[in-house]
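# Topology and contacts: notes
Residue strings, one per chain:
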Amino acid sequence: MRHTPSVRRVLVTGALTAVLLVSGGAAVAAPVQPAAAPSAPGASVGPYAQLRPLADLSARRLATADLVAAAKHGTDSPIDDPARERQVLDAVAAQAKEAGADPQATVRIFRDQIEANKVVQRGLFRRWDADPAQAPTERPDLAEVREEINRVNGELVRSVAASPVARSAPYCAGALTAAAAHVRHAHRLDALHSVALGRALPSVCAG
């Protein structure tokens, strides 16, 4: 593999792409729609409007898993990286305090986000190991990919801070299910990424 400047351009401009795996198995970039602006806590908006950004940003964060997998595949870098995960959780806990969100709830949500990304990475590794012809031929810069992940993380923290009413309401699960279904369609997620999106969201609804 070799580093590719195209990934740098994608990450620097923030134009992250969601990945659609077509019938031939090759990865094809599909444009990602920007997440709706988070609602302010207490704003008179419905539960769907509060939860859709969380589902959308989760899908955008999952798209980075493809880049992480491409950066790590064929190297000694493990999928499980406890030190990096601790850094992420500590950072989002601090951001949650600044944004007025519950740090413990935010960390729970991000634990699921991290596990969901690993679902994608493991799935891609299995696919590429079984059929090396499908493996990426260029290696993204992992440091740049992590910069993009950090940016999406910040947006996710703000969305968590903006949705306490919807996340703690008895109708949260239903509204989140609808939001996730619409996001899967909007991002044209394949089976692997759809499963991972489901793994990313269990802790969004309190209790």
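The structure under discussion appears in the preceding block.
Reference entry: report on the structure contained in this document.

What counts and how
Residues numbered from 1 in each chain as written. Predicted model: local features only at pLDDT ≥ 70, side-chain atom pairs only at ≥ 80, totals over all residues. Heavy atoms only, no water. 1 Å grid on protein atoms, 1.4 Å probe; cavity = no way out; pocket = protein on both sides within 12 Å on 5 of 7 lines; lining within 4 Å. Points joined across faces, edges and corners; volume = space filled by probe spheres on them. Helix = DSSP H or I, 4+ residues; strand = E, 2+ residues; numbered from the N terminus. Nonpolar A, V, L, I, M, F, W, Y, C, P; charged D, E, K, R; others polar. Salt bridge = Lys/Arg side-chain N within 4 Å of Asp/Glu carboxyl O. Buried < 20%, exposed > 50% of the residue type's maximum accessible area, 1.4 Å probe, protein only.

## Some points on empty space enclosed by the protein
Summed over all chains, the structure comprises 1 cavity of 30 Å³ or more. One number sums up the size of the largest cavity: a volume of about 220 Å³. The wall of the largest cavity is formed by 15 residues, among which R84, I114, N117, Q121 and I149 lie closest to the centre. Looking at the lining of the largest cavity, the elements with two or more residues in it are α2 (47-72), α3 (82-99), α4 (103-130) and α5 (142-161). Counting residues per element, the lining of the largest cavity draws most heavily on α4, at 4 residues. Within the lining of the largest cavity, the residues separate by chemical class into 6 nonpolar, 2 polar and 7 charged.

## Description of the pattern of salt bridges
Per the stated rule, a full pass over the model turns up 10 salt bridges. Between R86 and D90 there is a salt bridge, with the nearest N and O atoms lying 3.1 Å from each other. Residue R86 and its partner D90 are located together in helix α3, separated by 4 residues, close to a single helical turn. For D90, a relative accessible area of 43% translates into the label partly exposed. Notably, a salt bridge pairs E115 with K118, separated by 3.0 Å at the nearest N-O pair. Of this pair, E115 and K118 are both found in helix α4, 3 residues apart, which corresponds to roughly one turn of the helix. Under the relative-accessibility criterion, E115 is labelled partly exposed at 26%.

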